[in-house]
Amino acid sequence: MYHIKTLNKIAPVGLSQLPKEGYAVSDGEEHPDGILVRSADMLNYEFPESLRAIARAGAGTNNIPIDRCSEAGIVVFNTPGANANAVKELAVCALLLSARKIAAGSKWVNAQAADGVDVTTVVEKGKSQFVGPELMGKTLGVVGLGAIGVQVANIATKLGMKVIGHDPFLSVHSALSLSRMVHVTADLNEVYQSADYITIHVPQNKDTKGMVNAAAIAKMKDGVRLVNMARGGLVDEGAVIDALKSGKVASYVTDFPTNALMAAPNVTALPHLGASTPESEDNCAVMAAQELRDYLENGNIVNSVNLPAVELPWSGAARVCVIHRNIPNLLAAITGLLGKDNVNVANLTNKSKGEYAYTIVDTDQAVTDAVADELAKVEGVLRVRVLNH
Ligand SMILES: NC(=O)c1ccc[n+]([C@@H]2O[C@H](COP(=O)([O-])OP(=O)(O)OC[C@H]3O[C@@H](n4cnc5c(N)ncnc54)[C@H](O)[C@@H]3O)[C@@H](O)[C@H]2O)c1
C-alpha cells in the first residue's frame, strides 16, 4: 500500500488515478511515500524519511525546496502543458482584444447604462469609436514554441493568419506538433520586423527577463500589437509604456497588470486568468497523480524538475532504482555490488540532469535487502529503491 499525502485540495478526477486497493490518500498521512501539492508553501517543510516523490499539480515549483529535495533523493514532478489549452484559448481572446476595441466598447455600454441612458438609442452612433482590424491575413509572431506557443501558432493559422515562430530550443515534440503552415525562423529579428501581432510564450528566467525592451520594440513594425500571457517581467514595462504613448505599439494585452500599465493608453489587462479553468485544474491533477504512480510503481521519471526523464519497460525479476550524484564510477559500483551477489543485469538505463543522475537496473534475480543497504552506502548515492515485478 502506498501512502499519499495531499497538501491542497486535489481535483477528484486526479485522485481517481490512484486506485483504492493500492493507495491510501489523505491530508493526514504521517509517513507518506508521495505528496500531491498545488500551491501550499513547502519551503520549510520537514521531509519524512518515507517520502520519495512530490508531484505539483501545476507548472511552477517555486513553493517547493528543489535543492533540498534533490539532496534527500526526492523526485519533484510538475505538469507542463496540462494548462496549455486554457492559456491558448485566452491567448486567442487576447489577440482579438488587442485588435478590436472589445473591452473599451463593453466598458462604454456599461457606463451608458449606469448613467441611465437607453443604450439602444446610442449604440449605433457610439460604435464608430471602437472600430478595430481583423486578424485574417495579418502576420502573427509567436516567440516560444513550447506547449502553449505551438497551440497558439497552429490555431492562428486556422484564423487565416500568417504565422512566424521562433524558439532557439525547439523540442522534437514541438516541431512534430507544429502546423506546416507555421514558418519557423532562427532569427528573432525576423519575427520583430514582419509581425503585425506578437505573442510571447517563453518562461521568465535570467535570459528572457525584459527581452521585450526598447531595442526589441524599435525593431517592430509601427502599430504592432503585443500579447503577453506568459509573465509580466518578460516585458520592460517602461519601454512598452513609452511605445504605447508614442503609438509605436498600438495595444498591449497582458495577464499581468500593474498600476503603471493601467495608466498607459491602449492596455487591456486580465487578472492572471491564463490557466483558470476547471479543465486545466483537472488536467494538472490527473497528470500529477499519474506521474507519482508511475514513479512509485515502476520507478519511471517523467516531467521531473530535479531529475532526468528515465523510462524503462520491465524486463527482469526485480528493479533497482538509484538516485545519485552525477560523478564517475557510480554505475560500475552499482553493477559491481549486484555482481558480487550473483545478480545478473537484464537491462540498465542511466541519465543525468546537472549534478544529479538516475539509474534503473532490471535484474534476473531478486535483490536482497543486504545488497540494497550496501548500494545505499556507496559514496554519491542519495536514494535506493528495490521494486519487485
Ligand atoms: N498566464 C498564465 O496563467 C500562464 C499559465 C501557464 C503558463 N504560463 C507561462 O507560459 C510560459 C510558457 O508555458 P509553456 O507551457 O508553453 O512552457 P514550455 O516549457 O512548454 O515552452 C516554453 C518554450 O519557450 C522556449 N524558450 C525558452 N527561451 C526562449 C527564448 N529566449 N526565445 C524563444 N523561445 C524560448 C522553450 O524552448 C520552450 O519551447 C510559462 O513559462 C509560464 O510562464 C502562463
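Heads up: the structure comes first, above all this text.
Since we're looking at a predicted model, the values are computed, not measured. (Residues numbered from 1 in each chain as written. Predicted model: local features only at pLDDT ≥ 70, side-chain atom pairs only at ≥ 80, totals over all residues. Heavy atoms only, no water.)

Details of the side chain of S98
Selection rule: Here a helix means four or more residues in a row that DSSP labels H or I, a strand means two or more in a row labelled E, and each is numbered from the N terminus. The contact definition used throughout considers only heavy atoms, calling two residues in contact when any of these lie within 4.5 Å.
Topologically, S98 is positioned in helix α3 (residues 84-99). Apart from residues no more than four positions distant in its own chain, S98 is found in contact with Y197, R225, V227, S251 and V253.

Section: the pairing of strand β3 (residues 34-37)
Inclusion rule: Residue burial is assigned from relative accessible area. The probe radius is 1.4 Å, only protein chains are included, and a residue is buried under 20% of its type maximum, exposed over 50%, and partly exposed in between. Here, any two strands with at least 2 DSSP bridges between them count as paired.
Every second residue of β3 is oriented toward a common face, with G34 and L36 on one face and I35 and V37 on the other, all of them buried. Here three bridges tie strand β1 (residues 2-6) to β3, and the two strands are oriented parallel to one another. Its bridge partner lying in β3, K5 is registered against I35.

Some remarks on the site of the ligand
Inclusion rule: When we say a residue is near a molecule or strand, we mean one of its heavy atoms is within 4 Å of it. We define a polar contact as two N or O atoms separated by no more than 3.5 Å, with the added condition that, inside protein, one atom must be a possible hydrogen donor and the other a possible acceptor, whereas residues neighbouring each other in sequence contribute only through side-chain atom pairs. What sets the accessible areas is the Shrake-Rupley method with a 1.4 Å probe; for residues, cover comes only from the shown protein chains. Nonpolar residues are Ala, Val, Leu, Ile, Met, Phe, Trp, Tyr, Cys and Pro. Charged residues are Asp, Glu, Lys and Arg, and all others, Gly as well, are polar.
Residues in close proximity to the ligand total 24 residues, the closest being A147, I148, D167, M229 and D255. The contact in question runs from a nitrogen atom of the ligand to an N or O atom on the side chain of D255, over 2.9 Å. In the complex, 81% of the free accessible area of the ligand, which totals 860 Å², lies under the protein chains. Split into classes, the residues belonging to the shell around the ligand amount to 13 nonpolar, eight polar and three charged.

Looking at helix α14 (residues 369-377)
Rule in force here: The reported arc concerns the directions from the helix axis to the C-beta atoms and nothing else.
Of the positions making up α14, those classed as buried are V371, A372 and L375. The arc that holds every buried residue of α14, seen down its axis, measures 100°, which confines them to one face. Among the exposed residues of α14, those pointing more than 90 degrees away from its buried face are D369, A370 and K377. Buried residues belonging to α14 abut β13 (318-325), α13 (330-340) and β16 (381-388).

Looking at unusual backbone geometry
Despite not being glycine, H272 shows a phi value in the positive range, around 50°. Tracing the backbone shows H272 in the loop between β12 (267-269) and α12 (278-298). Given the relative accessible area of 44%, H272 is considered partly exposed.

A few points about the layout of surface pockets
Inclusion rule: Buriedness for pockets is judged along seven lines, at least five of which must meet protein on both sides within 12 Å for an open set on the 1 Å grid over protein atoms alone, while cavities are sets there where a 1.4 Å probe fits but cannot get out, and lining residues have an atom within 4 Å of a point. Grid points are joined across faces, edges and corners, and a volume is the space filled by probe spheres set on the points.
As a volume, the second largest pocket reaches approximately 370 Å³. Surrounding the second largest pocket, 18 residues form its lining, A103, A104, N266, V267 and T268 being those nearest its centre. Elements that contribute at least two residues to the lining of the second largest pocket include exactly α3, α4 (102-114), β11 (249-254) and β12. Per-element accounting of the lining of the second largest pocket gives the leading share, four residues, to α4.

So, the sheet that holds strand β15 (residues 356-363)
Put simply, the rule is: Axes here mean lines fitted to C-alpha atoms, for a helix over just the part in contact, with angles spanning 0 to 180 degrees between N-to-C directions.
The strand order across the open sheet built from four strands is β14-β15-β13-β16, with neighbouring strands paired in antiparallel fashion. With one partner strand each, in any of the chains shown, β14 (345-353) and β16 form the two edges of the open sheet. Looking at each pair of strands side by side, their axes are set apart by 10° on average, direction ignored. Inspection of the sheet shows β13 paired to β15 by eight bridges, in the antiparallel sense. Residue pairing in the sheet places A318 in a bridge with T363 of β15.

Observations regarding the pairing of β14
Pairing analysis gives eight bridges linking β14 to β15, with the strands arranged antiparallel. Looking at the pairing, V345 lines up with T363 of β15. Between β14 and β15, which pair antiparallel and follow one another directly, the connecting turn spans two residues, one of which, G354, has a positive phi of 60°.

So, the packing of α13 against α14
Selection criterion: By definition in this entry, angles of less than 35 degrees are roughly parallel, angles greater than 145 are roughly antiparallel, angles of 65 to 115 are roughly perpendicular, and the rest are oblique. Helix crossings are classified by the rotation of the near helix relative to the far one: an anticlockwise turn of less than a right angle makes the crossing left-handed, while a clockwise turn makes it right-handed.
Across the interface, α13 lies against α14 with an axial gap of 10 Å and an inter-helix angle of 155°. Taken together, α13 and α14 sit at an angle that is classed as roughly antiparallel. Here α13 and α14 pass one another in a crossing that is right-handed. Every residue of α14 that contacts α13 at I334, L337 and L338 is listed here: V371, E374 and L375. Each residue belonging to the contact of α13 with α14 can be placed in one class, and the counts come to five nonpolar, no polar and one charged.

Coordinates in, geometry out; function isn't part of it.
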